[in-house]
Amino acid sequence: MTSVPLVSVFSADDSTKVTAKHIPLPAVFQTPIRPDIVSFVHTNIAKNRRQAHAVNPQAGMQHSAESWGTGRAVARIPRVSGSGTHRSGQAAFGNQCRKGRMSLPIKVWRRWHRRVNIKQKRHAAATAVAATGIVPLVLARGHRISQVPQIPLVVEDKIESYEKTTDALNFLKRFGAFEDVQKVVSTKVVRAGISKQRGKKYRVRKGPLVVYFNENAKLLKAFRNVPGVEVVNVTRLNLLQLAPGGQLGRFVIWTQSAFAHLDKLFGTYRYASVLKDGYQLLRPLLTNPDLARIINSNQVQEKVQPAKTTKVLHEVQKKNPLKNTKAMDRLNPYAKKQRAAATAAIKANTKGTKKIKKNKALKKASRAAFNKVSAALNDATKAAVQEEQDIKVKYFSVQKGAAQAE
Amino acid sequence: MSQKKQQMQVEQKVPENVAKKTQRDTKLRDAVAKRRTERLAANKTRRAQWEKSAQAYEAEYKAADKSLVDNLRKAKTEGGFYVPAEAKLILVVRIRGINTLNPQVRQTLRLLKLRQLHNAAFVRVNKATIEMIRKVEPYVTYGYPSRTVIKNLVYKRGYAKINGQRIPITNNNVIEQSLGKVGIHSVEDLIHEITTVGPHFKEANRFLWAFKLRGPRGGFIAKRRSFINQGDWGNREDLINDLVKRMI
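In short, a report on the structure. (Residues numbered from 1 in each chain as written. Chains lettered and ligands numbered in written order. Predicted model: local features only at pLDDT ≥ 70, side-chain atom pairs only at ≥ 80, totals over all residues. Heavy atoms only, no water.)

**A word on the overall build of chain A**
Here is step 1: In terms of helices and strands, chain A carries 13 helices and 10 strands.
Here is step 2: Out of the 406 residues belonging to chain A, those deemed buried represent 32%.
Here is step 3: Restricting the contact set of chain A to residue pairs at least 6 apart, pairs at least 24 apart contribute 61%.
Here is step 4: About 27800 Å² of surface is accessible on chain A, with carbon and sulfur atoms providing 54% of the total. (Helix = DSSP H or I, 4+ residues; strand = E, 2+ residues; numbered from the N terminus. Buried < 20%, exposed > 50% of the residue type's maximum accessible area, 1.4 Å probe, protein only. Contact = heavy atoms within 4.5 Å. Areas by Shrake-Rupley, 256 points an atom, 1.4 Å probe, with all protein chains shown as cover.)

Spelled out as structure tokens, the structure:
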């Protein structure tokens, strides 16, 4: 790299004043960001603070319970021996039983700790340090850094001699870091769950991490009581502090000597690390991250094949050409002319025939004849009905007369 | 920012990436446009060719019909007989399903492309194919298809075998791709090759997937009997057309 990113060191008393301008960034901050390494190392390292615990090995087993076997209309689970108490005859020992022992009781010899390769741990730390210099990552982690003058924030060594917490607070206020502390204070909540009764009452967020160099620095005591702030020596950088929760981008405040020490600690790309024996910083996969330039370069474009066009052989849906004229014309252009010829032929055939005109005179005559016949029929039926009536009347009157006579 | 923009406008400088990309894009676009115009022109000539050949076939069919009628009339007037040529083409329709088949019959049906019930296929008539059909006679019905039936089958139920896939014949590119090299460029060419059993009948028939027909509207008479015995299987000569019309 021809140009090296530069960083300013700020005065402890005045955030606008710069005591040292244009210090080169330590090579650690150029390490490729490897969240996969960090998350792997973090999940394993985080297990190393655990203390062994277990259930009582005798829990649930302090009975002389025995199964009653079959034939007694009860389940075959071991039952508490004896009599004279409710407990007798109750189920025991099983994980499903009330007052029974748990399944697979926890043992103290559970493997609580994990070992991680040193190289992986070192790469993770390097990446985590690099991430503290990337503003979007720090913001994404949730730190309130909008008023901070510079990321990474490097301050002169004067803060290492702070003894009073007020000094520490004022310093944080001056550099816009107090917003992060306020966040920590305002989001302190009582923890959900039983842990609150086991000494972990509050869930507290992480605030700024202050990194110093001189072992005799008094700032540890000054910053100790500020909520959310952690203080650590640069020689003892901890991944669990640099990337809490496996999440990259802690807000870090460096002192000038701590910042300068990073090159010795992690080495550069030209020299291996002095303090970490044989450690060389991870090299990035891409030396030229300008993808647009690479893609558009002549070297790449010469080799690139032309873009594939989707060559569709046939229409997706088959239409019946015997019914669909468009489909037919696509297959056989002559079909249009054939259709036209067919319709013309039909028309030609029907040209000579005359329309049959209805003969009105004939219609009238037939209508008259029909009326005549129907009238005659009506008269005839009427006459017949009347005749029948007469006969009936005559018959019944005769009968009546005969009855009256008798 | 606006000052910079003004600066850029004055100097007329374009970022290298953008310049290269626009150059490349215009070149590609021009190539595509050129290909398109070429393709459209080619299509126009092709369509004209299809129309011309379709017209020629129509005339050919008409002439063939006329000559048949003329010959029959001539024979009648002379008091003799005109026996038209024996059919060169047979349409075979599978009537029986797949269960309990004699292995030789099963294999022969497969060779005839009749893998499924109500599958239909064209078969050229020669000694070899006659023997094959005789083997499977109780499982198929066959006859001599008319021109309309052939045409309807290819248009409505016509699918091609391309790369082992069943591709619908929706445009003439499908035919051109497979049969262009033997001189069949359109559907009408294909139909003509089938009906007249031309020199490339083999390629044309192989190109066609078996016609998957529906069951006949109105039903069969009795599939267990031969056609001659008031049934369905076997040779029904010209009456295959009536059956297939109900099955298309």
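**Regarding unusual backbone geometry**
Phi is mostly negative for residues that are not glycine, and the peptide bonds are mostly trans.
Residues and elements named next belong to chain A.
Here is step 1: Cis geometry marks the peptide bond from Ile 151 to Pro 152; its omega dihedral reads 0°.
Here is step 2: Positioned with a positive phi, His 22 is a non-glycine residue whose angle comes to about 60°.
Here is step 3: With respect to the helices, strands and loops of the structure, His 22 is situated in strand E2 (residues 18–24).
Here is step 4: Using a relative accessible area of 49% as the deciding quantity, one classes His 22 as partly exposed.
Here is step 5: Positive phi outside glycine occurs at Leu 104, with the angle close to 50°.
Here is step 6: Exposure remark for Leu 104: the relative accessible area of 77% places this residue in the exposed category.

**Considerations on a nonpolar patch on the surface**
Here is step 1: Where nonpolar side chains cluster on the molecular surface, the patch consists of Leu285(A), Leu286(A), Leu291(A) and Ile295(A) and spans about 480 Å² of accessible area.
Here is step 2: One can find Leu286(A) in the loop between helix H8 (256–266) and helix H9 (291–296). (Patch = residues over 30% accessible without salt bridge, like charges linked within 9 Å, V, L, I, M, F, W, Y side chains within 5 Å. Salt bridge = Lys/Arg side-chain N within 4 Å of Asp/Glu carboxyl O.)

**Quick look at the interface of chain B and chain A**
When the parts of a complex come together, some accessible area is lost, and that lost area is often taken as the interface size.
Here is step 1: Across the boundary between the two partners, chain B contributes 29 residues, which contact 23 residues of chain A.
Here is step 2: Buried surface at the junction of chain B and chain A, both sides included, amounts to about 2500 Å², of which 54% is carbon and sulfur.
Here is step 3: Counting the surface chain B buries against chain A, the share from its top three residues, Glu51(B), Tyr155(B) and Thr170(B), is 26%.
Here is step 4: Linking chain B to chain A there are one salt bridge.
Here is step 5: A salt bridge links Lys337(A) to Glu51(B), with the shortest nitrogen-to-oxygen separation between them at 2.7 Å.
Here is step 6: Across the chain B-chain A interface, the total number found is 14 residue pairs in polar contact (both at pLDDT 80 or more).
Here is step 7: Looking at the side of chain B that touches chain A, the elements with two or more residues in it are helix H2 (16–78), helix H5 (147–157), strand E4 (159–162), strand E5 (165–168), helix H6 (172–179) and helix H7 (187–196) of chain B.
Here is step 8: Element by element, the count of residues in the side of chain B that touches chain A is highest for H2(B), at 11 residues.
Here is step 9: Considered class by class, the residues forming the side of chain B that touches chain A number 10 nonpolar, nine polar and 10 charged. (Buried area = accessible area lost by both parts, 1.4 Å probe. Polar contact = N/O pair within 3.5 Å; in protein donor to acceptor, adjacent residues only side chain to side chain. Nonpolar A, V, L, I, M, F, W, Y, C, P; charged D, E, K, R; others polar.)

**Observations concerning the pairing of strand E10 (residues 252–255) of chain A**
Residues and elements named next belong to chain A.
Here is step 1: Neither face of E10 is exposed, since Val 252 and Trp 254 on one face and Ile 253 and Thr 255 on the opposite face are all buried.
Here is step 2: In the sheet, strand E5 (residues 153–155) pairs with E10 via three bridges, with the strands oriented parallel. Among the inter-strand pairings, Val 154 is bridged to a residue of E10, identified as Trp 254.
Here is step 3: Pairing of strand E8 (residues 209–212) with E10, which is carried by three bridges, proceeds in the parallel orientation. The residue bridging Leu 209 from the neighbouring strand is Val 252, located in E10. (Pairing = 2+ DSSP bridges.)

**Remarks on a positive patch on the surface**
All names here are of chain B.
Here is step 1: There is a patch of like positive charges on the surface, built from Arg 106, Arg 110, Arg 115, Arg 124, Lys 161, Lys 202 and Arg 206.
Here is step 2: Its location among the elements puts Lys 161 in strand E4.
Here is step 3: Relative accessible area serves as the criterion here: at 40%, Lys 161 is assigned to the partly exposed category. (Lys, Arg positive; Asp, Glu negative; His and termini not counted. Charge placed at Lys NZ, Arg CZ, Asp CG, Glu CD.)

**Notes on helix H9 (residues 240–247) of chain B**
Side chains that are three or four residues apart share a direction in an α-helix, a result of its 3.6 residues per turn.
All names here are of chain B.
Here is step 1: The set of residues buried in H9 consists of Ile 240, Asn 241, Leu 243, Val 244 and Met 247. Here the buried residues of H9 occupy an arc of 160° about the axis, which is enough to place them on one side.
Here is step 2: Taken together, the buried residues of H9 touch strand E1 (89–94), strand E3 (140–143) and H5. (Arc of directions from axis to C-beta.)

**Details of the sheet that holds strand E1 (residues 6–10) of chain A**
All names here are of chain A.
Here is step 1: Spatial strand order, E2-E1-E5-E10-E8-E9: six strands in an open sheet with mixed pairing. The sheet is open, and its two borders are formed by E2 and strand E9 (230–233), each paired with just one other strand. In this sheet, neighbouring strand axes are inclined to one another by 30° on average, regardless of whether the strands run parallel or antiparallel.
Here is step 2: Two strands pair when backbone bridges link them, and E1 and E2 are joined in this way by four bridges, in the antiparallel orientation. Counterpart to Phe 10 in the pairing with E2 is Val 18. (Axes fitted to C-alpha atoms, helices over the stretch in contact; angles between N-to-C directions.)

**Examining the packing of H5(B) against H7(B)**
Residue and element names in this part refer to chain B.
Here is step 1: The geometry of H5 relative to H7 is characterised by a closest axis approach of 10 Å and an angle of 135° between their N-to-C directions. Looking at the two axes, H5 sits oblique to H7. Between H5 and H7 lies a crossing whose hand is right-handed. Contact residues: H5 offers Arg 147, Ile 150, Lys 151, Val 154 and Tyr 155, while H7 offers Val 187, Glu 188, Leu 190, Ile 191, Ile 194 and Thr 195.
Here is step 2: The residue makeup of the contact of H5 with H7, split by class, is seven nonpolar, one polar and three charged. (Parallel < 35°, antiparallel > 145°, perpendicular 65-115°, else oblique. Left-handed = near helix turned anticlockwise from the far one by under 90°.)

**A word on helix H1 (residues 35–45) of chain A**
All names here are of chain A.
Here is step 1: Every buried residue belonging to H1 is among Ile 37, Val 38, Val 41, His 42, Asn 44 and Ile 45, and all of these are buried. End-on, the buried residues of H1 take up no more than an arc of 165°, which puts them together on one face.
Here is step 2: Considering only its buried residues, H1 is in contact with helix H2 (118–132) and helix H7 (239–242).

**Focus on the pairing of E9(A)**
Residue and element names in this part refer to chain A.
Here is step 1: Burial of the side chains of E9 extends over both faces: Glu 230 and Val 232 are buried on one face and Val 231 and Asn 233 on the other.
Here is step 2: Pairing geometry for E8 and E9, over four bridges, is parallel. Within E9, the position partnered with Val 211 by the bridge is Val 232.
Here is step 3: In terms of handedness, the path from E8 via helix H6 (residues 219–224) over to E9 forms a crossover that is right-handed. (Right-handed = clockwise from strand over helix to strand, strands pointing away.)

**Let's talk about the sheet that holds E1(B)**
Hydrogen bonds between backbone atoms are what pair the strands of a sheet, whose relative direction is either parallel or antiparallel.
Here is step 1: Strand order in this open sheet of five strands is E6-E2-E1-E3-E7 (chain B), and the pairing throughout is mixed. Unpaired on one side and paired on the other, strand E6 (211–212) and strand E7 (234–235) of chain B mark the two borders of the sheet.

**Quick notes on the packing of aromatic side chains**
All names here are of chain A.
Here is step 1: Tallying each qualifying case throughout the model produces nine aromatic pairs over all chains.
Here is step 2: With a centroid separation of 6.0 Å and an interplanar angle of 85°, the aromatic rings of Phe 10 and Phe 175 are classed as edge-to-face. Of this pair, Phe 10 sits in strand E1 while Phe 175 sits in the loop between helix H4 (165–174) and helix H5 (178–186), placing them 165 residues apart in sequence. In this pair, the class of Phe 10 matches that of Phe 175, namely buried.
Here is step 3: Geometrically, the ring pair formed by Tyr 162 and Phe 171 is edge-to-face, given 6.2 Å between the ring centres and 65° between the ring planes. (Phe/Tyr/Trp six-rings, centres within 6.5 Å; stacked < 30°, edge-to-face > 60°.)

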